[in-house]
Amino acid sequence: MAHIDVRAAESHDHALITQWNQAMAWETEGKRLDASVLARGVQAVLDEPRRGFYLIAEDAGEPVGCLMVTYEWSDWRCGDFWWIQSVYVAEAARRRGVFRALYDEVAKRAKAAGAVGLRLYVETENERAQATYAGLGMERCHYFMYEAEFERSADRHR
């Protein structure tokens, strides 16, 4: 297994994160994302740490994967859950411990920040990812996720 280094994403990672998010949406959900909206969304996280942050995994200095962390306040626990989102590992680097390295770094940072736990969601059909998460000690919780999307005018998200 390769030695994977994990670092915080920087502004020069914008194009790669955007590209990988586009690939992840296509691979996992068959969705083509609006490239302009996606690019602005990635930039918003890079520009505003209150929204979250990205981590980049590297093998011998070459980026091989990334993820985003966002925060959810839990009044029940009086603390933040850290949500792992937008996970992508380059195809050539899969099954080589890249996600494990990213996950371990998130867990280390979350514990140091006083987070109450980690959460993520996964497509119901993505059994390989589910097995990976279970192998890291994560447990399937008893919640279902519901969603209501709102139409946004072009001016609101520029």
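Everything numeric here is computed off the predicted structure, so don't read it as measured data.

Cut-offs applied
Residues numbered from 1 in each chain as written. Predicted model: local features only at pLDDT ≥ 70, side-chain atom pairs only at ≥ 80, totals over all residues. Heavy atoms only, no water. Buried < 20%, exposed > 50% of the residue type's maximum accessible area, 1.4 Å probe, protein only. Helix = DSSP H or I, 4+ residues; strand = E, 2+ residues; numbered from the N terminus. Pairing = 2+ DSSP bridges. Salt bridge = Lys/Arg side-chain N within 4 Å of Asp/Glu carboxyl O. Contact = heavy atoms within 4.5 Å.

A short note on the pairing of strand S2 (residues 53-59)
Here is the key point about a regular strand: its side chains alternate between the two faces of the sheet.
(1) Moving on: Of all the seven residues making up S2, seven are buried; the element is thus mostly covered by neighbouring parts of the structure.
(2) Moving on: Residues of S2 alternate between two faces, with Phe-53, Leu-55, Ala-57 and Asp-59 on one and Tyr-54, Ile-56 and Glu-58 on the opposite face, all of them buried.
(3) Moving on: In the sheet, strand S1 (residues 4-8) pairs with S2 via five bridges, with the strands oriented antiparallel. Along S2, the bridge assignment pairs Val-6 with Ala-57.
(4) Moving on: Pairing geometry for S2 and strand S3 (residues 62-74), over seven bridges, is antiparallel. What sits directly across from Glu-58, in S3, is Pro-63.
(5) Moving on: The hairpin turn running from S2 into S3, its antiparallel successor, is two residues long, and Ala-60 in that turn takes a positive phi close to 55°.

Concerning unusual backbone geometry
(1) Moving on: Of note in the backbone geometry, Ala-60 takes a positive phi value of approximately 55° without being a glycine.
(2) Moving on: Along the chain, Ala-60 falls in the loop between S2 and S3.
(3) Moving on: The exposed category is assigned to Ala-60, whose relative accessible area is 73%.
(4) Moving on: Phi angles above zero are rare outside glycine, and Cys-78 is one such case at about 55°.

What about the pattern of salt bridges?
(1) Moving on: The final tally for this structure, using the stated rule, is ten salt bridges.
(2) Moving on: Here Asp-59 makes a salt bridge to Arg-96, at a shortest N to O gap of 2.2 Å. Of the two residues, Asp-59 is situated in strand S2 and Arg-96 in the loop between strand S4 (79-89) and helix H3 (98-113); the sequence distance between them amounts to 37 residues.
(3) Moving on: Residue Glu-105 is joined to Arg-109 by a salt bridge in which the shortest nitrogen-to-oxygen separation is 2.8 Å.

Description of the environment of Tyr-103
(1) Moving on: Tracing the chain through its elements places Tyr-103 in helix H3.
(2) Moving on: The spacing of Tyr-103 and Val-45 is 58 residues in sequence and 19 Å in space, taken between C-alpha atoms.
(3) Moving on: Not counting residues up to four positions away in its chain, the partners in contact with Tyr-103 are Ile-84, Leu-118, Leu-136 and Met-138.

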